[in-house]
Amino acid sequence: MKIKSVAVLGAGAVGSYVIWGLSEKSDIRLGVIAEGERAERLKKNGCAINGKTYHPEVWTPDEAHDVDLMVIALKYGSLEGALESIQKATGEHTAIMSLMNGIDSEEIIGRTVGMEHVLPALIKVASHKEEDGYHFDPPTTLGIIFGEPFAPFDSERVKAVEELFADTGIHFRSTEYIQEEIWCKFCLNVCSNLPQAILGAGVGCYRDSVHMKAISDGLKRELEAVAQAKGIDMSKTESSSGRGSAVPPSARYSTLQDLDAGCHTEIDMFSGALVRMGKELGIPMPYNEYTYHMIKALEEKNDGKFDYTGKEELTWSK
């Protein structure tokens, strides 16, 4: 198996890393899946990444049909609406790699096109958007981790992806413990992404505040309890996945970036999913329940729900 065509669905912070890494590879076709106004904008403006503009091909889902590798790099809230496009682009031999946050995007995609197409994966990249496009630091980016969920772990498609990435700037590694790796990244997101979003401060807050550290630890304990109940042994990957990409203390992760931009977040995929699983398993989730409702309230604040005039009167009952 040799990968000769790659389609990226979602040319944002995560998709930009793949586009950046593969754009100089001359022996493949690289395209972004898009339709309508977004497709026209991409054709005209390209993708601005690290101060340079890249111009991958722009394909409709039908034009991307039977692509060798499809990389899904969407926001969680956009996945359901994109399933029809994913189905149209998936051919008999298409491998699909989801680089979305969370722990269930592979399952959602697999229900639509068949799990046999899905090669589980994750990405660790501290990418953010500025006025001139998306930015990340290539040398310190940990990159893409992928692997088969079952033996044989050195499958033909794993070897093909390794060959695809080998002579690019993309950092990558394959693993026999991809489910544990995905849960370890999920843990990093829940424990580092969410508390700072509520506080509105850079990630240095976990180092500098025992109170922020206590909140992060509480979220982690609840997540580990759910993982253990599901048979996920995250200790298998502690040496390789216990950290994210190097960032300065001022770094603001994706949830806080969304709130800064006045956008809705992926909290349903993080604490929302954990609260749901906790209820199914009978595991109390007080830290995640509070975090879920607090970030939902911050979304409401951004939506203008609390823009009071000062003239209203409220009657409180005890």
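Attention here is on the structure that accompanies the text. Given the structure is predicted, the values throughout are model-derived calculations rather than measurements.

### Digging into the side chain of Glu180
Here comes step 1: Summarising the element assignment, Glu180 is placed in helix α6 (residues 178-199).
Here comes step 2: Taking the relative accessible area as the measure of exposure, Glu180 reaches 10% and is therefore buried.
Here comes step 3: Setting aside residues no more than four positions away along its own chain, Glu180 makes contact with Ile232, Asp233, Met234, Lys236 and Thr237.

### With respect to the environment of Val6
Here comes step 1: Relative to the helices and strands, Val6 is located in strand β1 (residues 5-9).
Here comes step 2: What makes Val6 buried here is its relative accessible area of 0%.
Here comes step 3: C-alpha of Val6 to C-alpha of Lys230: the two residues are 224 residues apart in sequence and 34 Å apart in space.
Here comes step 4: Not counting residues within four places of it along the chain, the set of residues in contact with Val6 comprises Leu22, Ile28, Arg29, Leu30, Gly31, Trp59, Val67, Leu69, Val71 and Leu164.

### Quick notes on helix α8 (residues 210-229)
Here comes step 1: The first and last C-alpha atoms of α8 sit 29 Å apart over 20 residues, in line with the 28 Å expected at 1.5 Å per residue.
Here comes step 2: The backbone nitrogen of His211 has a side-chain oxygen 3.2 Å away, supplied by the residue at the start of α8, namely Ser209.
Here comes step 3: Trailing α8 by a residue or two, Gly231 shows a phi angle of about 80°, which is positive.

### Comments concerning the sheet that holds strand β8 (residues 121-124)
Here comes step 1: Strand order across the open sheet formed by three strands is β8-β11-β12, with mixed pairing between neighbours. A strand with exactly one partner marks an edge of an open sheet, and here the two such strands are β8 and β12 (172-174). Taken over all neighbouring pairs, the strand axes of this sheet differ in orientation by 15° on average, direction set aside.
Here comes step 2: Across four bridges, the pairing between β8 and strand β11 (residues 143-146) is antiparallel. In the strand pairing of β11, Ile123 is matched with Ile144.

### What about the packing of α8 against helix α12 (residues 286-302)?
Here comes step 1: It is at 8 Å that the axes of α8 and α12 come closest, and there the two elements cross at 115°. Taken as axis vectors, α8 and α12 run roughly perpendicular relative to one another. Across from Ala214, Ile215, Gly218, Leu219, Arg221 and Glu222 in α8, the residues of α12 making contact are Pro286, Tyr287, Asn288 and Thr291.
Here comes step 2: In terms of residue class, the contact of α8 with α12 is made up of five nonpolar, three polar and two charged.

### What to know about the pairing of β1
Here comes step 1: Burial analysis of β1 places five of its five residues in the buried class, the great majority of the element.
Here comes step 2: Both faces of β1 are covered, namely the face carrying Ser5, Ala7 and Leu9 and the face carrying Val6 and Val8.
Here comes step 3: Across four bridges, the pairing between β1 and strand β2 (residues 29-33) is parallel. Of the residues in β2, the one forming a bridge with Val8 is Val32.
Here comes step 4: Bridge count between β1 and strand β6 (residues 69-72): four bridges; the pairing is parallel. In the sheet register, Val8 faces β6, and the bridge partner there is Val71.

### A look at the side chain of Glu106
Here comes step 1: By the element assignment, Glu106 lies in helix α4 (residues 105-113).
Here comes step 2: Look at Glu106: it is buried, it has no salt bridge, and the nearest opposite charge is Lys185 at 9.5 Å.
Here comes step 3: When sequence neighbours within four positions are dropped, the list of residues in contact with Glu106 reads Ser98, Met115, Val118, Pro120, Ala121 and Ile182.

### Here we look at the packing of α6 against α12
Here comes step 1: Running from N to C, α6 and α12 cross one another at 45°; their axes reach a closest spacing of 10 Å. It follows that α6 is oblique to α12 by the angle criterion. Handedness of the crossing formed by α6 with α12: left-handed. Between α6 and α12, the residues in contact are Val190, Leu194, Ala197 and Ile198 and Asn288, Thr291, Met294, Ile295 and Leu298, respectively.

Cut-offs and rules
- Residues numbered from 1 in each chain as written.
- Predicted model: local features only at pLDDT ≥ 70, side-chain atom pairs only at ≥ 80, totals over all residues.
- Heavy atoms only, no water.
- Helix = DSSP H or I, 4+ residues; strand = E, 2+ residues; numbered from the N terminus.
- Buried < 20%, exposed > 50% of the residue type's maximum accessible area, 1.4 Å probe, protein only.
- Contact = heavy atoms within 4.5 Å.
- Expected span 1.5 Å × (residues − 1).
- Polar contact = N/O pair within 3.5 Å; in protein donor to acceptor, adjacent residues only side chain to side chain.
- Pairing = 2+ DSSP bridges.
- Axes fitted to C-alpha atoms, helices over the stretch in contact; angles between N-to-C directions.
- Parallel < 35°, antiparallel > 145°, perpendicular 65-115°, else oblique.
- Nonpolar A, V, L, I, M, F, W, Y, C, P; charged D, E, K, R; others polar.
- Lys, Arg positive; Asp, Glu negative; His and termini not counted.
- Salt bridge = Lys/Arg side-chain N within 4 Å of Asp/Glu carboxyl O.
- Left-handed = near helix turned anticlockwise from the far one by under 90°.

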